[in-house]
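So the chains spell out like this:
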Amino acid sequence: MDSVPLIPLPHPAPGALPSPRLSPDGAGRALRHGAQQVLLGNWTGASTVPSRTLYPHQWSWDSAFVAIGLRHFSPGRARGELETLLAAQWLDGRVPHIVFNPSVPLGSYFPGPDFWRSGGAATGAGSPARTETSGIVQPPVHALAAWLVHEADPAGSARSGFLARVYPRLAAWHRYLTTARDLGGAGLASVVHPWESGMDNSPCWDGPLDRIEPVDPRAFRRADLAHGAADHRPTDLDYGRYVRLAADYRDHGYSDTDAPHRFAVEDPCLNALLIVSELALARIARETGADADAHERHAARLTAALVERLWDAESGMFLCRDVRDGEGGTLIRERSVAGLVPLIVPGLPGHVVAAMVATAHGERFALGRLAMVPSYDLHGESFHPSRYWRGPAWFNTNWLIERGLRLHGATEQADALRSGLFAAAGASGFAEYVDPFTGRACGARSFSWTAALTVDLLDGPDDHFPLGTPGGAPGLSVPAPRTASAAAPAVIAAEASAARR
Ligand code: 9WN
C-alpha cells in the first residue's frame, strides 16, 4: 500500500475553490500542475495506466476518462490513448476491458493474459492476433471521449483523420453491446460480469452473485492485495465468484450465444453512458458523412427503454435489473450511484430528472452536505465507507453527476460539487477513491482518471458537454447548496449509522 498521510477533507463552501478558468488563482494552477504530473507519470508511451502499482495495463473506461483530461494539454496524446485501445478491438465489435502490456511481468495483475488466453480461447469472437486482452468489456465512454477530444482540437483531429478512423470502430462497439449483449430483449445492454460495470464490488451484485459457485481461493493468486488494503478490496469469496464467471465465459470461447451467462444485469450507468455515447456518435457521424439520424433515433429508443426497464419511482432513481431472475427479470433493490449517473442523459422526462436530483440531495446520498456523492446508499445495510464500490466516493461518478447537474441547469449545485471534487482530489493525492465522510484517501494514489477529470473540470468549457438539449425538466426544483459546516460529515455519518442499525 502506498503510504499517504490521513488528510481530513475540508468540506468546501460552494465556490470556495473557484475554477481558474473563471478566475486564475494559485490553488487552481497547483492542482492542474499536480494532475498533469500524474498523467505524465502514468503514460507508457502509447497509453496511460490507471495506476503504476495496482493497475499496470491499459483499462477501457479509464482510458476514455483519461483522454477527456489529456485533450486539454495534449490532444494528440488523447487521440492516441483512444486509438491504442480501439486497436485491440475484437472483430465482433467488443472493446476489451484490459489491453495487456507485454513488458509487464506476468503475475503483476490478476487475472493476467495467461488467465484470459484471448489469443487461443477467443478466435471465434475475433480477438486480435498480436495483442493480449481480457475478454469482457467496460462501460462505453469512448464515443463521448472521442467527440470531446475532437472538439478540443478540431484542426489537429481533421489533419490526422481521427474521426474517420474511429467512427466505424465505435459504431461496431455500440452494435456489439446492443445486439450480442441485449440479453433482456428490450434493447439495453447487459453486463455479464461485475467487472464489466466498472463498479466491481457494488452491493447490487450480491444477489445475482449468490447463485454463482465460487472457485476455491487456493486456485488463484490475487495481486491486488500486494498494493491495496485487504479491508478496502473485494473479499476472497467475491474473487472466487469473479473467477468462476470469467472462466466460464472463456471456456465457451467468449461466445455470447454459447456462454451460459448466469450473471446478466442491465446496469443504468453503463446504459446511460451508451446513450450519451450514441449521441456523440451522431455528432461524429455528421462530421464524417455517415448517418447521424440513425444514431439519434437509437439514442431515443435506448432512453425510452432505460426509463421503461430501470426507473423506480419509489426509490426516485434508476435500479439495476437482474435479467436472470424470473420472466422479464427483476429490479435489484439496492441503491447505488449507478442509478444517479443517468442524470447525464439529456432526453429524460422532467419528473425523472427532478426526482433524481432530489434523491441525490436526500439523506441517502447527501449531495450538498458531503464534498462528494458516495458510491452507495449511506443508509444501505451493505454500506462501508472504504470498501470498494460499497460506499466510498469515486471521482468518475462524481464528474458524471457534476456534468448531469450542469446539463439540467442546476448550476450552483454543480459548482459546489466541482469544488468538493477539487478539494478531495488535491487533499488525497489524486486517490482512486475517498471515504465520503473524512476524505481519507483509499486505493491507489496518483490515479489517472482522478487527475484527468480534475483537469477537465478545471479547464473544460462547460458547453462542450452535454450533447443535447435537456428534454425539459419542468418542476425541477433543486435544493440550494447549503452553507458548508465542518460538522456536517460527522453528523451525516452518525445519522447514517443509526439508520443502518
Ligand atoms: C477490474 C482500473 C479498474 C477500473 C474499475 C475498478 C477496478 C479492476 C480491479 O480498476 O477494477 O477491472 O482489479 O478491481 O473497479 O472501475 O476500471 O482502474
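So, a few notes on the structure that sits alongside this text. Quantities reported herein were computed from a predicted structural model and do not represent experimental measurements.

This brings us to the overall build of the protein. Tallying secondary structure elements over the protein gives 18 helices and 11 strands in all. For the protein, with 501 residues in total, the buried portion stands at 61%. Long-range contacts, defined as pairs at least 24 residues apart, comprise 72% of the intrachain contacts of the protein with a sequence gap of at least 6. Looking at the protein as shown, the accessible area adds up to about 17,200 Å², and 52% of this sits on carbon and sulfur atoms.

Before going further, it helps to spend a moment on the sheet that holds strand β10 (residues 433–434). Pairing is antiparallel in the open sheet, where three strands are placed in the order β9-β10-β11. Either end of the sheet is taken by a strand with one partner, and the two such strands are β9 (393–394) and β11 (441–442). The pairing of β10 with β11 spans two bridges and is antiparallel. The residue bridging Tyr 433 from the neighbouring strand is Cys 442, located in β11.

All right, on to the environment of Ala 425 then. Among the secondary structure elements, Ala 425 is positioned in helix α16 (residues 411–427). Other than its neighbours up to four places away in sequence, Ala 425 contacts Phe 395, Phe 430, Thr 450 and Thr 454.

Our next topic: the sheet that holds strand β4 (residues 265–266). Read across the open sheet, the four strands follow the order β3-β4-β7-β8; overall the sheet is antiparallel. With partners counted over all chains shown, the strands left at the sheet margins are β3 (190–191) and β8 (330–332), one partner each. Judged from the two bridges that link them, β4 and strand β7 (residues 320–322) form a sheet pairing that is antiparallel. Bridge assignment links Val 265 to a residue of β7, and that residue is Asp 322. Together, β4, β7 and β8 form the strand contacts of helix α13 (residues 292–310), whose direction differs from that of β7 by roughly 70°.

The next subject is the packing of helix α2 (residues 60–70) against helix α3 (residues 75–86). In the contact formed by α2 and α3, the axes pass within 8 Å of each other and the chain directions differ by 165°. On the basis of their axis angle, the class for α2 and α3 is roughly antiparallel. The handedness of the crossing between α2 and α3 is left-handed. Seen from α2, the contacting residues are Ser 60, Ser 63, Ala 64, Val 66, Ala 67 and Leu 70; seen from α3, they are Pro 75, Arg 77, Ala 78, Glu 81, Leu 82 and Leu 85.

With that settled, the discussion passes to the nonpolar core. Counting 147 residues, the largest nonpolar core has Leu 170 and Leu 405 as its most contacted members. The dominant element in this core, judged by the number of residues it contributes, is helix α12 (residues 268–288), at 13 residues. Those residues in contact with Leu 405 that sit more than four places away from it in its chain are Leu 343, Val 357, Leu 367, Ala 410, Gln 413, Ala 414 and Leu 417. In terms of nonpolar packing, the next biggest core, distinct from the first, is built from nine residues, Leu 370, Ile 492, Ala 493 and Ala 496 among them.

Let's shift gears to the site of the ligand. Near the ligand you find 16 residues, and of these Asp 62, Tyr 109, Gln 138, Gly 198 and Asp 200 are the closest. Contact distances for the ligand include 3.0 Å between an oxygen atom and a side-chain N or O atom of Trp 61. Within the side chain of Asp 200, an N or O atom sits 2.8 Å from an oxygen atom of the ligand. For the ligand, the protein covers 100% of the area, taking 410 Å² as the surface of the free molecule. Considered class by class, the residues forming the shell around the ligand number 10 nonpolar, three polar and three charged.

Let us look at the environment of Leu 319. Note on placement: Leu 319 falls in the loop between β6 (317–318) and β7. Residue classification places Leu 319 among the buried residues on the basis of a relative accessible area of 1%. It is 5.5 Å that separates the C-alpha atoms of Leu 319 and Gly 339, two residues lying 20 residues apart in sequence.

Of the consecutive residues Phe 110 and Pro 111, the connecting peptide bond is found in the cis state with omega at -5°. By secondary structure assignment, the location of Pro 111 is in the loop between β2 (98–99) and α4 (113–116). Residue Arg 117 is not a glycine yet carries a positive backbone phi of 45°. Residue placement: Arg 117 occurs in the loop between α4 and α5 (118–121). Classification of Arg 117 as partly exposed rests on a relative accessible area of 43%. Unusually for a residue other than glycine, Tyr 254 sits at a positive phi of about 55°. Residue classification places Tyr 254 among the buried residues on the basis of a relative accessible area of 0%.

Another point: the side chain of Asp 456. Tracing the sequence through the fold places Asp 456 in helix α17 (residues 448–459). In this structure Asp 456 touches Ile 68, Arg 71, His 72, Trp 399 and Arg 403, once residues within four positions along its chain are discounted.

A word on the pattern of salt bridges. Following the criterion strictly, the structure yields 27 salt bridges and no others. When the shortest N-O distance is used, the salt bridge between Arg 181 and Glu 196 registers 2.8 Å. Highlighted residues: Arg 181 in the loop between α8 (162–178) and β3 and Glu 196 in helix α9 (residues 194–197), separated in sequence by 15 residues. The exposure class of Arg 181 is buried, given its relative accessible area of 0%. A salt bridge links Asp 415 to Arg 418; its shortest N-O distance comes to 3.4 Å. Linking Asp 415 with Arg 418, this pair stays in helix α16, spanning three residues, or about one helical turn. Under the relative-accessibility criterion, Asp 415 is labelled partly exposed at 27%. Given the relative accessible area of 5%, Arg 418 is considered buried.

Applying the stated criterion to the full structure yields 27 aromatic pairs. Judged by centre distance (5.1 Å) and plane angle (80°), the ring pair of Phe 447 and Trp 449 falls under edge-to-face. In this pair, the class of Phe 447 matches that of Trp 449, namely buried. Each residue in the set Tyr 55, Trp 59, Trp 61, Phe 65, Tyr 109, Tyr 388, Trp 389, Trp 394, Trp 399, Tyr 433, Phe 447 and Trp 449 is aromatic and connected to the rest through ring pairs, giving one cluster. Stacked on the ring of Tyr 388, the Lys or Arg Arg 233 has its end atom at 4.4 Å from the ring centre. Of note, Arg 250 hangs over the ring of Phe 115, and the distance from its end group to the ring centre comes to 4.7 Å.

Analysis parameters
- Residues numbered from 1 in each chain as written.
- Predicted model: local features only at pLDDT ≥ 70, side-chain atom pairs only at ≥ 80, totals over all residues.
- Heavy atoms only, no water.
- Helix = DSSP H or I, 4+ residues; strand = E, 2+ residues; numbered from the N terminus.
- Buried < 20%, exposed > 50% of the residue type's maximum accessible area, 1.4 Å probe, protein only.
- Contact = heavy atoms within 4.5 Å.
- Areas by Shrake-Rupley, 256 points an atom, 1.4 Å probe, with all protein chains shown as cover.
- Pairing = 2+ DSSP bridges.
- Axes fitted to C-alpha atoms, helices over the stretch in contact; angles between N-to-C directions.
- Parallel < 35°, antiparallel > 145°, perpendicular 65-115°, else oblique.
- Left-handed = near helix turned anticlockwise from the far one by under 90°.
- Core = buried A, V, L, I, M, F, W, Y, C linked by side-chain atoms within 4.5 Å.
- Near = heavy atom within 4 Å.
- Polar contact = N/O pair within 3.5 Å; in protein donor to acceptor, adjacent residues only side chain to side chain.
- Nonpolar A, V, L, I, M, F, W, Y, C, P; charged D, E, K, R; others polar.
- Salt bridge = Lys/Arg side-chain N within 4 Å of Asp/Glu carboxyl O.
- Phe/Tyr/Trp six-rings, centres within 6.5 Å; stacked < 30°, edge-to-face > 60°.
- Lys NZ or Arg CZ within 6 Å of the ring centre and 35° of its normal.

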